[in-house]
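Architecture at a glance
One-letter residues, chain by chain:
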Amino acid sequence: MTNDNLMIKPRVRFAPSPTGALHIGGVRTALYNYLFARQQGGTFILRIEDTDQGRYVPGAEEYIIEALRWVGLRPDEGVGFGGPDGPYRQSDRKEIYLKYAHELVQRGHAYYAFDTPEELDVCRQSQEHFTYNHLTRNGLLNSLTLGDAESSSRIAEGKHFVIRLKVEPGRSIRIKDLIRGDVVFESSELDDKVLLKTDGMPTYHLANIVDDHLMRITHVIRGEEWLPSTAHHVLLYEGFGWQDTMPLFSHLPLIMKPVGNGKLSKRDGAKFGIPVFPLSWKGETVEENFDGFRETGFLPEAVVNFLALLGWHPGGDQDLFSMDELIQLFSIEHIGKSGARFDYEKAKSFNQKYIHAMDNATLVALVRPLAEAKGYQVSDAFLSKAVALMKERVTFLTDFVEMGYYLFEPVREYDEVTLQKRWNGEIATVFAELTEKLATFDFFNSVELEEAVKAFIQEKGLKPGDILPLLRIAFVGTMKGPAVFETAEVFGHEETLLRLRAFLIR
RNA sequence: GGUCCGUUCGUCUAGGGGUUAGGACACGUCCCUUUCACGGAUGAAACACGGGUUCGAUUCCCGUACGGACUACCA
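Structure report, in brief. This structure is a prediction, so every number in the text was calculated from the model and none was measured.

Observations concerning the overall build of chain A
A count of helical and extended segments in chain A gives 20 helices and twelve strands. By the compact-globule yardstick of 23 Å for 506 residues, chain A is too spread out, its C-alpha radius of gyration being 31 Å. If one aligns the C-alpha atoms of chain A with their principal axes, the spans along those axes are about 110 × 50 × 35 Å. Out of the 506 residues belonging to chain A, those deemed buried represent 50%. Taking the contacts inside chain A whose residues are at least 6 apart along the sequence as the reference set, 72% of them involve residues at least 24 apart. In chain A, 57 positive and 72 negative side-chain charges are present, and the distance between their average locations comes to 2 Å.

Here is the structure:
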């Protein structure tokens, strides 16, 4: 058996199902596919796998496209992007699967089955671990037991049927997984999977293999949950006679819950109060609303960096990588084998670092919409200073306008605990005096202000600790805030006075 | 239950037959700073267990335990 896959430009695909918001694990799968394609000079394809009409959710497709756009993964081909192998939405390819399903029956690798779901349920109830396979199919209603004539007439009569893969027992199926090495399955253990459903739509297994073949996919990079059915997929490639161009498989480790057992699920977001989706999602009910990384205030670069390292590392001690670096360094061989726990603290840390490293102008452009959404109308000049003042102490983009609301509107409340300790009649008098002094002192910058205030403190025989904390509270209301004098500089003389006076008459 | 996959600090991981087992997040202490944060320094913290193979195993092999996925006319 030859395999030319390594000689040609790779073609990979990300093939999500539009059943709701795209899970963050899906974003990681897309990212790995994208990185691999970009590094190899290959093609990254977006295929929508909507073969389950019952689970289709309107808006999910748009969500997927927008999520990929947000994190910077642009497909070269696919739904919404065009390309030579379309359509890329499986529901638009129904006839293709139909044709291939019947072809597989002709080739003797599949058969018609007439058992209804209800009948199979009965089997499952009477038999502990019932599976439709080489052992049981002889006792069931299918073209193997009924014969061609009877089957044909049943079909002609319009009886419902499915097409099942005919798995021949007694052989070993070896899968060469780029991450896990050789994985062997015994065909005797495999069930006769449904390939074509009664509604005429294919199952994942059929659609996936037909499309991957037709779209000339060279590498399948997908979640580990697909590893068990890969043996069936290999059988399909062989059944169609496509084994020579069968793609290479790489099964990614799963992303696990932050705490507890099992893989990360959409419910974990609400459960732990963290986002597990790239973008927020509005469902039919409150329970189906999900927070997104974007709305939480994450930078896509940080999310990409975080996700890239959840199950992969190029080696060495570096942990901050730009998309370009990731593209350059990515390798399937360095993908880990075990599940990676979703560590939200780490995600936040990446975000913080990316915000710190970002230049003010870029930050201004990102914060402006957030400020405007809050009704704050400010100049770029002011926003730039505000952002510079705050960026070392925020974790999220939203912190600029939430934690730092006081930069855009009057102080909402003053820290009473600190005031209890530091405010008294005597200090109130001095503070009023300081305010009046500053009223006539039109300072230009924090240094000038600081000199003036310190001089005043000394003149009054006080200590910095007597006045500085109170100034901070007057300016921003809390003891947790940016440097006092720099804050005043951002406000400017007029606003600084306004705040001092508001504080005095509070 | 069956099939398959996995197991290095709490977490993400580097490493790999002989290392003081490295980094990052989180945590502790100190410095900077009369706030918070950033930054700097520093500390605690890991090769699941049992057998082999070997002069030597965290690294290779087997088993056990534990974890995970799959087991639908869902993907």
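So that's the structure; there's more coming.
Structural notes on the pattern of salt bridges
In total, this model carries 37 salt bridges according to the counting rule given. In this structure, the salt-bridge partner of Glu409 is Arg412, at a minimum N-O distance of 2.9 Å.

Structural notes on the protein's contact with RNA strand B
RNA strand B sits among 63 residues. The nearest are Arg180, Lys197, Arg393, Gly465 and Met479. Arg164 has a polar side-chain atom sitting 3.4 Å from a phosphate oxygen of RNA strand B. The backbone of Tyr204 places a nitrogen or oxygen atom 3.2 Å from a phosphate oxygen of RNA strand B. Looking at the surface near RNA strand B, the elements that each hand over two or more residues are α4 (117–126), β5 (162–165), β7 (181–186), β12 (340–341), α13 (344–357) and α19 (464–476). The greatest single-element share of the surface near RNA strand B, amounting to five residues, is contributed by α13. Taken together, the residues that form the surface near RNA strand B break down as 20 nonpolar, 18 polar and 25 charged.

A look at the nonpolar core
The biggest cluster of nonpolar side chains holds 149 residues, and the ones touching the most others in it are Phe342, Val453, Ile467 and Leu471. Of all the elements, helix α1 (residues 24–40) adds the most residues to this core, at nine residues. Beyond its immediate stretch of four places on either side in the chain, Phe342 contacts Ile24, Ile255, Met256, Lys257, Pro258, Leu264, Ile274, Pro275, Val276, Phe293, Phe306 and Leu310.

So, the packing of helix α7 (residues 204–214) against helix α8 (residues 230–240)
As a packed pair, α7 and α8 sit with axes 10 Å apart at the nearest point and diverge in direction by 55°. By the angle class used here, α7 and α8 are oblique. Crossing angle aside, the handedness with which α7 passes α8 is right-handed. Two secondary-structure elements touch here, α7 through Tyr204, His205, Leu206, Ile209, Val210 and Asp212 and α8 through His233, Leu236, Tyr237 and Phe240. Across the contact of α7 with α8, the residue classes break down as seven nonpolar, two polar and one charged.

Some details on the pairing of strand β9 (residues 219–223)
In terms of burial, β9 is largely enclosed, as five of its five residues are buried. Bridging between β9 and strand β10 (residues 248–252) involves five bridges; their strand directions are parallel. Within the sheet, the bridge partner assigned to Arg222 lies in β10 and is His251. As a crossover connection, the stretch from β9 through α8 into β10 is right-handed.

Focus: the pairing of β5
Because side chains alternate across β5, one face comprises the buried residues Val162 and Arg164, and the other comprises Ile163 and Leu165, equally buried. The pairing of strand β4 (residues 110–113) with β5 spans four bridges and is classified as antiparallel. Looking across to β5, one finds that Ala110 is bridged to Leu165. One ladder, built from two bridges, connects β5 with strand β8 (residues 194–196); its direction is antiparallel. Among the inter-strand pairings, Arg164 is bridged to a residue of β8, identified as Val194.

A short note on the layout of surface pockets
Within this model, the largest pocket holds a volume of roughly 1,000 Å³. Residue lining of the largest pocket: 33 residues in total, with Pro16, Ser17, His23, Glu225 and Trp226 positioned closest to the centre. When its residues are assigned to classes, the lining of the largest pocket shows 13 nonpolar, eleven polar and nine charged.

Overview of the environment of Val304
Along the chain, Val304 falls in helix α11 (residues 300–308). Aside from chain neighbours lying at most four places away, what touches Val304 is Leu31, Val71, Met323 and Leu326.

Considering α11
What sets the pattern is the α-helix's 3.6 residues per turn: residues three or four places apart point alike. Among the nine residues that make up α11, eight are buried, leaving the element largely enclosed by the rest of the structure. Buried residues belonging to α11 abut α1, α2 (60–71), α10 (293–296), α12 (323–329) and α13.

Concerning the packing of helix α18 (residues 446–459) against helix α20 (residues 484–504)
As a packed pair, α18 and α20 sit with axes 8 Å apart at the nearest point and diverge in direction by 125°. Considering their axes alone, α18 and α20 lie oblique with respect to each other. Our pair here, α18 against α20, has a crossing hand that is right-handed. From α18, Ser446, Leu449, Glu450 and Val453 reach across to α20, where they touch Phe485, Glu486, Ala488 and Glu489.

Some words on unusual backbone geometry
Across the junction of Gly86 and Pro87, the peptide omega takes the value -5°, indicating a cis bond. Topologically, Pro87 is positioned in the loop between β3 (77–78) and α3 (94–106). Here Arg216, not a glycine, exhibits a phi torsion of approximately 55°, which is positive. Note on placement: Arg216 falls in the loop between α7 and β9.

Re the packing of aromatic side chains
Following the criterion strictly, the structure yields 26 aromatic pairs and no others. Summarising the aromatic geometry, the rings of Phe240 and Trp242 are spaced 4.3 Å apart at their centres and angled 15° between planes, so their arrangement reads as stacked. Note on Phe293 and Phe342: the rings are 6.3 Å apart at their centroids and 75° apart in plane angle, and the pair reads as edge-to-face. One end of the pair, Phe293, is in helix α10; the other, Phe342, is in the loop between β12 and α13, with 49 residues separating them in the sequence. Judged by relative accessible area, Phe293 falls into the buried class, the value being 1%. Of the residues examined, Phe342 reaches a relative accessible area of 1% and is grouped as buried. Through successive ring pairs, a cluster of aromatic residues spans Phe293, Phe298, Phe306, Phe342, Tyr344, Phe350 and Phe396. In this arrangement the basic side chain of Arg506 is found over the ring face of Trp423, its NZ or CZ atom lying 4.7 Å from the centre.

What counts as what
- Residues numbered from 1 in each chain as written.
- Chains lettered and ligands numbered in written order.
- Predicted model: local features only at pLDDT ≥ 70, side-chain atom pairs only at ≥ 80, totals over all residues.
- Heavy atoms only, no water.
- Helix = DSSP H or I, 4+ residues; strand = E, 2+ residues; numbered from the N terminus.
- Rg over C-alpha atoms; globule rule 2.2 N^0.38 Å.
- Buried < 20%, exposed > 50% of the residue type's maximum accessible area, 1.4 Å probe, protein only.
- Contact = heavy atoms within 4.5 Å.
- Lys, Arg positive; Asp, Glu negative; His and termini not counted.
- Charge placed at Lys NZ, Arg CZ, Asp CG, Glu CD.
- Salt bridge = Lys/Arg side-chain N within 4 Å of Asp/Glu carboxyl O.
- Near = heavy atom within 4 Å.
- Polar contact = N/O pair within 3.5 Å; in protein donor to acceptor, adjacent residues only side chain to side chain.
- Nonpolar A, V, L, I, M, F, W, Y, C, P; charged D, E, K, R; others polar.
- Core = buried A, V, L, I, M, F, W, Y, C linked by side-chain atoms within 4.5 Å.
- Axes fitted to C-alpha atoms, helices over the stretch in contact; angles between N-to-C directions.
- Parallel < 35°, antiparallel > 145°, perpendicular 65-115°, else oblique.
- Left-handed = near helix turned anticlockwise from the far one by under 90°.
- Pairing = 2+ DSSP bridges.
- Right-handed = clockwise from strand over helix to strand, strands pointing away.
- 1 Å grid on protein atoms, 1.4 Å probe; cavity = no way out; pocket = protein on both sides within 12 Å on 5 of 7 lines; lining within 4 Å.
- Points joined across faces, edges and corners; volume = space filled by probe spheres on them.
- Phe/Tyr/Trp six-rings, centres within 6.5 Å; stacked < 30°, edge-to-face > 60°.
- Lys NZ or Arg CZ within 6 Å of the ring centre and 35° of its normal.

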